[in-house]
Amino acid sequence: MASSSKPKSNYEVFLSFRGTDVRNTFLGHLYKALHHNGIYTFIDSEELRKGDQTLPALMKAIEESFVAIIVFYEDYASSRWCLEELMKIMECKEQKDLTVLPVFYKVDPREVRQGSKSYGKALAKHESKFGKDSEKVERWKKALFNAGSLSGWHFNDGDESELIERIVKEISTLLDRTPLHVAKHPVGINSRVVKLKSTLNVESDDGVFMMGLWGKRGIGKTSLAKAIYNDIFRQFEGSTFLANVRETSKGCRDLVALQEKLLLEILLSKQRLVVSNVDAGTNLVQDRLCCKKVLLILDDVDDLRQLNVLAGEGKWFGNGSRIIITTRDKHLLTCHGIDQDHVYEVKALEDNEARELLSKHVFQTHQKLKIRTDLVDSVLNYAEGLPLAIEVLGSFLCGRREHEWKSTLKKFSKIPRKTINNVLKISYDGLEDNEKEIFLHIACFFKGQDSQYIKKVIDSCDFEITIGLEILLERSLISMEHEIVEMHDLIQLMGMDIVNQECRDDPWRRSRLWLYDDVLDVLSHDMVEIAHHAHLHNSFQGPIYLPNELRWFEWAGCASWFPQFSSGPKKLVGIYMSKCNITGVPKQFKVNNYLHRPLYYILH
């Protein structure tokens with residue numbers, strides 16, 4: 001990232017270019033892509049130039065930018081404005097550590113460096129005007145040579161969208177602030193973002209503004225909050241998006257972890273601030289952030305205590321701060337003191353939006369299948385405008401023909417209670433056994449885990465994990481962000497319910513256990529026939545007997561004693577012990593009758 005000593009600016013990227021042709025094509029698309037990814041960009045407008053009085057403003061914008069992109073086109077050097085910009089950009093590169101990235105758009109870099117072809121003609125005209133030995137022209141030539149020697153992108157022909165994607169990705173990496181993934185097809189989101197931005201009035205630094213987004217599960221609250229975050233987070237001194245607050249704050253210690261994350265991400269501290277308890281964390285948040293303009297988004301809040309310890313009052317934060325809360329409980333927002341005018345209900349998609357979103361998921365290939373309108377209408381009727389349901393159903397129906405649509409709708413008609421859970425289960429039912437097992441493992445144990453770790457564990461259970469994950473991604477049953485496997489909580493609940501349905505009253509007969517009481521009950525008896533995965537806590541009291549079918553063993557914060565195995569051959573392939581005060585592998589796991597090799601030991 002560029003030097004942190006630079007002055008604060010509304011713009012992070014300065015675009016230097018010349019020519020109406022490039023403005024209306026490549027440059028326009030690049031600017032739109034940068035803006036869509038929340039990267040605030042200064043684009044010089046020739047139409048707004050009214051004499052030299054504009055030049056100081058351009059120079060100031062360059063000085064305050066983090067990155068400058070120079071789009072060299074055939075007529076770039078014909079503009080005195082562009083050459084002055086270029087000189088300033090190269091000066092700031094040397095003096096202010098400005099990152100400069102050239103794009104040689106349908107022009108060879110050698111033409112820029114050597115001043116040949118169109119660049120030679122342009123420089124000759126400047127020499128005739130200012131004199132052949134003009135110091136100004138010589139400085140322009142030097143700037144062109146230096147800029148033309150930089151590493152960048154050379155584009156003659158091909159797919160411009162791929163080039164733009166590479167540029168945006170590199171800029172995001174340089175700025176070290178990668179936008180959040182919103183949705184594969186963010187239909188209906190942009191218009192809502194525009195409306196909410198006008199309400200947020202981000203440009204104003206008068207006081208602190210809190211907004212609530214509420215609505216039922218699967219309606220798109222999180223996607224909308226992410227889109228708002230991407231659009232405005234660079235206008236704040238610090239920002240953080242705390243996802244899944246409900247799920248990650250089930251214990252007192254987890255609230256502390258959220259406080260630590262809030263402070264770490266907003267302060268951009270290289271070292272984690274250790275919070276001893278919730279009360280201490282509350283004081284720390286107030287003390288460190290009271291003078292800082294921040295953007296804080298608390299996603300999926302379901303308890304007033306979560307709000308009280310993470311965003312108690314407006315005075316905790318500096319003027320101009322914006323706090324956005326998503327929840328299913330509207331009353332929670334009013335109890336926290338948020339004005340009714342600032343509570344926004346996230347509603348289902350309009351009919352045209354729902355149809356567009358379904359179409360984007362169903363017709364992902366260039367080959368458009370013709371599906372009867374009444375079949376499409378019936379599917380949309382079951383989805384009820386919920387983006388999650390439309391996405392999952394659309395991904396399931398992608399590439400399928402009319403008779404398969406009819407079969408799917410026939411299944412719907414047999415569902416006694418047409419809940420969102422049963423609608424989502426249609427996609428699960430269409431999976432092969434390998435993918436069903438992987439899906440249930442992720443739903444019960446691995447949501448939010450690193451994909452490489454998941455692959456290692458599930459591979460130990462003899463499933464084809466690589467293709468399995470790919471199919472689950474295609475069906476929109478999981479998503480991947482920065483190599484972390486995510487799953488919507490509604491889809492996770494559907495998976496957990498499938499396992500619970502195996503035997504409602506007797507956890508011993510279920511294929512997977514994840515609730516503390518169920519695991520304790522089963523592992524306290526030496527009678528278990530199968531368990532793929534066990535995740536134990538140090539609060540267990542012995543005796544505990546591990547089943548021989550166990551493949552992967554996790555024990556966080558393990559005590560000085562360890563559970564025993566039943567007699568006979570074992571299938572254990574991995575041991576993961578975190579936060580343990582041990583230096584070696586317990587003797588219980590140093591046995592010779594394992595059926596699988598190698599045995600992974602992960603201790604930290």
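Note that residues are indexed from 1 along each chain, following the sequence as it is written. At least 70 in pLDDT is required for a residue's local features to be given in this predicted model, at least 80 for side-chain atom pairs to be given and counted, and no such filter applies to totals for whole chains, interfaces and linings, which use all residues. In computing side-chain properties, one takes all heavy atoms of the structure into account and sets aside hydrogens as well as water.

K.L.:
Which residues make up the packing of helix α5 (residues 117-130) against helix α6 (residues 135-148), and what values go with them?
P.N.:
Each pair of packed helices can be described by the angle between their axes along with the distance between the axes. To get an axis, fit a line to the C-alpha atoms, keeping to the stretch in contact for a helix; angles then go from 0 to 180 degrees between the N-to-C directions. Strands here mean DSSP runs of E at least two residues long; helices mean DSSP runs of H or I at least four residues long; both are numbered from the N terminus. Interaxial distance between α5 and α6 falls to 9 Å at its minimum, and their mutual angle equals 160°. With respect to α6, the element α5 is oriented roughly antiparallel. The interaxial crossing formed by α5 with α6 has right-handed handedness. Along its contact with α5, which presents Tyr119, Leu123, His126, Glu127 and Phe130, the element α6 presents Lys136, Val137, Trp140, Lys141 and Leu144. By the definition adopted for this analysis, an angle is roughly parallel if under 35 degrees, roughly antiparallel if over 145, roughly perpendicular if from 65 to 115, and oblique otherwise. Handedness of a crossing follows from how the near helix is turned relative to the far one, being left-handed for an anticlockwise turn of less than a right angle and right-handed for a clockwise one. The contact definition used throughout considers only heavy atoms, calling two residues in contact when any of these lie within 4.5 Å.

K.L.:
I'd like to hear about the sheet that holds strand β4 (residues 99-105), residue by residue, with values.
P.N.:
Taken together, five strands build an open sheet; the order of strands is β2-β1-β3-β4-β5 and the sheet is parallel. The outermost strands of the open sheet, each flanked by one partner alone, are β2 (41-43) and β5 (153-155). Taking each pair of neighbouring strands and ignoring which way they run, the sheet shows an average axis angle of 20°. Note: two strands are recorded as paired if DSSP finds a minimum of 2 bridges between them. As defined by bridge partners, β4 adjoins β5 across three bridges and the pair is classed as parallel. Each residue of the ladder has a partner; that of Phe104, found in β5, is His154.

K.L.:
Account for the packing of aromatic side chains, with residues named and values stated.
P.N.:
Side-chain rings of Phe, Tyr and Trp (the six-membered ring for Trp) are treated as a pair once their centres are within 6.5 Å; stacked means planes under 30 degrees apart, edge-to-face means over 60, and tilted covers the remaining angles. In total, this model carries 15 aromatic pairs according to the counting rule given. Ring centres of Phe26 and Tyr105 lie 4.9 Å apart, and the angle between their planes is 25°; on these two criteria the pair is classed as stacked. Placement of Phe26 in helix α1 (residues 20-36) and of Tyr105 in strand β4 is noted, with a sequence separation of 79 residues between them. A connected cluster of aromatic rings, assembled from ring pairs, spans Phe26, Tyr73, Tyr105 and Phe155. Positioned over the ring face of Tyr428 is Lys436, at 5.4 Å from the centre of the ring. Think of it as a cone above the ring: NZ of Lys or CZ of Arg counts as a charge over the ring if it is within 6 Å of the ring centre and within 35 degrees of the ring normal.

K.L.:
Describe the nonpolar core, and please don't skip the residues or the numbers.
P.N.:
Most often, soluble globular proteins have nonpolar side chains that are buried together. Within this scheme, the nonpolar core is defined by two criteria: the residues are buried Ala, Val, Leu, Ile, Met, Phe, Trp, Tyr or Cys, and they are joined through side-chain atoms within 4.5 Å. Three exposure classes are used, based on accessible area relative to the maximum for each residue type with a 1.4 Å probe and protein chains only: buried under 20%, partly exposed in between, and exposed over 50%. By size, the foremost hydrophobic cluster in this structure holds 49 residues, and its most contacted members are Leu200, Leu213, Leu224, Ile228, Leu295, Trp405 and Phe412. For Leu213, the residues in contact, after removing those within four places along its chain, are Leu196, Lys221, Leu224, Ala225, Ile228, Ile324, Ile325, Thr326, Thr327, Leu333, Tyr344 and Val346. Judged by nonpolar contacts, the second largest core, of 34 residues, contains Leu388, Tyr453, Cys461 and Val573.

K.L.:
Which residues make up the environment of Leu144, and what values go with them?
P.N.:
Relative to the helices and strands, Leu144 is located in helix α6. With 31 residues separating them along the chain, Leu144 and Arg113 place their C-alpha atoms 5.8 Å apart. Setting aside chain neighbours within four positions, we find Leu144 in contact with Phe72, Ala77, Leu83, Leu86, Val112, Arg113, Tyr119 and Leu123.

K.L.:
How would you sum up the pattern of salt bridges? Please name residues and give values.
P.N.:
In what follows, salt bridge is the name for a side-chain nitrogen of Lys or Arg lying within 4 Å of a carboxyl oxygen of Asp or Glu. As enumerated under the stated definition, the model contains 22 salt bridges in all. Across the pair Lys293 and Asp205 runs a salt bridge whose closest N-O atoms are separated by 3.0 Å. A residue pair is termed long-range when its members are at least 10 positions apart, and Lys293 in the loop between α12 (278-289) and β8 (294-301) and Asp205 in the loop between α8 (189-200) and β6 (209-214) qualify at 88 residues. For Lys293, a relative accessible area of 11% puts it in the buried group. Accessibility expressed as a relative area gives 40% for Asp205, which makes it partly exposed.

K.L.:
Describe the packing of α1 against helix α7 (residues 160-175), listing the residues and the values that go with them.
P.N.:
α7 packs onto α1 with a crossing angle of 40° between their chain directions and a minimal axis gap of 10 Å. Between α1 and α7, the crossing angle belongs to the class labelled oblique. The way α1 lies across α7 gives a crossing that is right-handed. In this structure, α1 contributes Phe26, His29, Leu30, Ala33 and Leu34 to the contact, and α7 contributes Glu160, Leu163, Ile164, Ile167, Val168 and Ile171. Partitioned by chemical class, the residues of the contact of α1 with α7 number nine nonpolar, one polar and one charged. In the scheme used here, Gly and all other residues not listed as nonpolar or charged are polar, with Ala, Val, Leu, Ile, Met, Phe, Trp, Tyr, Cys and Pro taken as nonpolar and Asp, Glu, Lys and Arg as charged.

K.L.:
Go over the environment of Asp339, please, and point to the residues and values.
P.N.:
Inspection of the secondary structure puts Asp339 in the loop between α14 (330-335) and β10 (343-345). Expressed as a C-alpha distance, the spacing of Asp339 and Met210, which sit 129 residues apart in the sequence, is 8.3 Å.

K.L.:
So, the side chain of Ser451: which residues are in play, and what are the values?
P.N.:
Within the secondary structure, Ser451 is located in helix α21 (residues 451-459). A residue is classified by how much of its surface remains accessible, and Ser451, at 1% relative accessible area, is buried. When sequence neighbours within four positions are dropped, the list of residues in contact with Ser451 reads Met480, Glu483 and Val485.

K.L.:
If you had to explain helix α16 (residues 373-383) to someone new, which residues and values would you point to?
P.N.:
Residues of α16 that are buried: Leu375, Val376, Val379, Leu380, Tyr382 and Ala383. Projected down its long axis, α16 shows its buried positions confined to an angular sector of 160°, all on one face. Set apart from the buried face of α16 by more than 90 degrees, the exposed residues are Thr373 and Asn381. Note on α16: the residue one or two positions beyond its end, Glu384, has a positive phi of about 55°. Here the arc refers to the set of directions running from the helix axis out to each C-beta atom.

K.L.:
Before we move on, can you summarise the sheet that holds strand β9 (residues 322-327) with the specific residues and values?
P.N.:
Strand pairing in a sheet is mediated by backbone hydrogen bonds. Such pairs are either parallel or antiparallel. An order of β7-β8-β9-β6-β10 is seen for the five strands of this open sheet, with the pairing classed as parallel. Sheet topology places β7 (238-242) and β10 at the edges, where each strand pairs with a single neighbour. Within this sheet the neighbouring strands show an average axis-to-axis angle of 15°, counted without direction. Here β8 runs beside β9; their pairing, made up of five bridges, is parallel.

K.L.:
Describe the pairing of β9, with residues and values.
P.N.:
Counting buried residues in β9 gives six out of six residues, a clear majority hidden from the surface. Residues Arg322, Ile324 and Thr326 of β9 are buried on one face, and the alternating residues Ile323, Ile325 and Thr327, pointing to the opposite face, are buried as well. Where β6 and β9 come together, six bridges link them in parallel fashion. Within the sheet, the bridge partner assigned to Gly212 lies in β9 and is Ile325. Whether a crossover is right-handed depends on one test, that the path from the first strand over the helix to the second runs clockwise when the strands point away from the viewer. Between the parallel elements β8 and β9, the chain passes through helix α13 (residues 304-310) in a crossover that is right-handed.

K.L.:
For the confidence of the model for the chain, give the residues involved together with the corresponding values.
P.N.:
Scored from 0 to 100, pLDDT reflects the predictor's confidence in each residue. On average, residues of the chain score 82 in pLDDT, and 83% of them reach the 70 mark or higher. For the chain, the element scoring lowest by mean pLDDT is strand β13 (residues 533-537), at 49; β9 scores highest, at 96. For residues 1-9, every residue scores under 50 in pLDDT, and the model assigns this stretch 18 contacts once sequence neighbours within four places are set aside. Scored below 50 in pLDDT, residues 534-540 shows 27 contacts in the model against residues more than four places distant or in partner chains.

K.L.:
Talk me through the pairing of β8; I want residue IDs and the actual numbers.
P.N.:
Most of β8 is tucked away: eight of the eight residues are buried. Bridge count between β7 and β8: five bridges; the pairing is parallel. Its bridge partner lying in β8, Phe241 is registered against Ile297.

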